[in-house]
Amino acid sequence: RARRPPDLRGCDPPGVALPDGRDPQLPVIDLSRFTRGSPAERAAVAAAWDAAFRSTGFCLLVGFDELLPDEAISALRRAALDFFGSPRAVKQACECDGQVGYVSLGRENVAATSGTPSAAPDNVESLNLPSYQEEGSEWTMLGALQGSPPPWLSAPYAAAAPPALVSAAAYYWKGATAVTDALMELSEIALKLPAGHFREESYRRPGTL
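J.: Would you explain the overall build of the chain in this entry?
T.: Of regular secondary structure, the chain possesses 7 helices and 4 strands. Moving toward the C terminus, one meets the helices and strands of the chain in the order β-α-α-β-α-α-β-β-α-α-α. In the chain, buried positions account for 34% of the 209 residues. Across the chain, every contact between residues at least 6 apart in sequence was considered, and the portion connecting residues at least 24 apart equals 62%.

J.: What should I look at first to understand helix α3 (residues 70–84) in this one?
T.: Quick reminder: α-helices carry 3.6 residues per turn. Residues three or four places apart thus point the same way. Taking 1.5 Å of rise per residue, 15 residues should cover 21 Å, and α3 covers 21 Å from first to last C-alpha, within 8% of that figure. Of the positions making up α3, those classed as buried are A72, I73, A75, L76, A79 and F83. End-on, the buried residues of α3 take up no more than an arc of 165°, which puts them together on one face. Across α3 from its buried face, at more than 90 degrees, point the exposed residues R77, L81 and D82. For α3, the secondary structure elements touched by its buried residues are α4 (88–92), β3 (101–103), β4 (126–128) and α7 (163–190).

J.: I keep staring at unusual backbone geometry and nothing clicks. Help me out?
T.: The general pattern is negative phi for most residues beyond glycine and trans for most peptide bonds. Within the chain, K192 stands out as a residue other than glycine whose phi angle is a positive 60°. Within the fold, K192 resides in the segment after α7. Its relative accessible area of 75% is what places K192 among the exposed residues.

Reading the values: the criteria
Residues numbered from 1 in each chain as written. Predicted model: local features only at pLDDT ≥ 70, side-chain atom pairs only at ≥ 80, totals over all residues. Heavy atoms only, no water. Helix = DSSP H or I, 4+ residues; strand = E, 2+ residues; numbered from the N terminus. Buried < 20%, exposed > 50% of the residue type's maximum accessible area, 1.4 Å probe, protein only. Contact = heavy atoms within 4.5 Å. Expected span 1.5 Å × (residues − 1). Arc of directions from axis to C-beta.

Below is the structure:
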């Protein structure tokens, strides 16, 4: 479930106002200034990243196109729309355990995570492709960047999915991993951590993509 933010490089954030009319001043972080910039530019982006999350707690990330191309996002969106529009039998072939793979309508109740389930289940269906839950397929950031395939690629639920969806998801996963790596490197500098901290062998689970 990815949404491509608008291209705001060189522009002010979009004109969104809070209920009381104030400008939310959402920080805009241009990742390309970090991935392609000079040491001074990289340090400046890291400082802006640090300030954004110490103050606002959010940012609008732009400039990641070289790592995660528009076509990767569009291809996955098209394939996902086709999949969720498929007959029920096609989707049910990708079911697993209610956590990964296809999760059908009526099986999720997010309110239950707070200890108080809602009266009706969530009106949502999903296809979850995890980064780490396949036995024996734990992955490292560095391995993924060096071309290791997604750990879910050999799972039965992925094998049952339409080939176009699997291909698009793998393409997107590769780009999203590259963006995650750049953000982890950005965070290393912001937090004054040693270079490569988030690529270490022991750091196996940077998140589900």
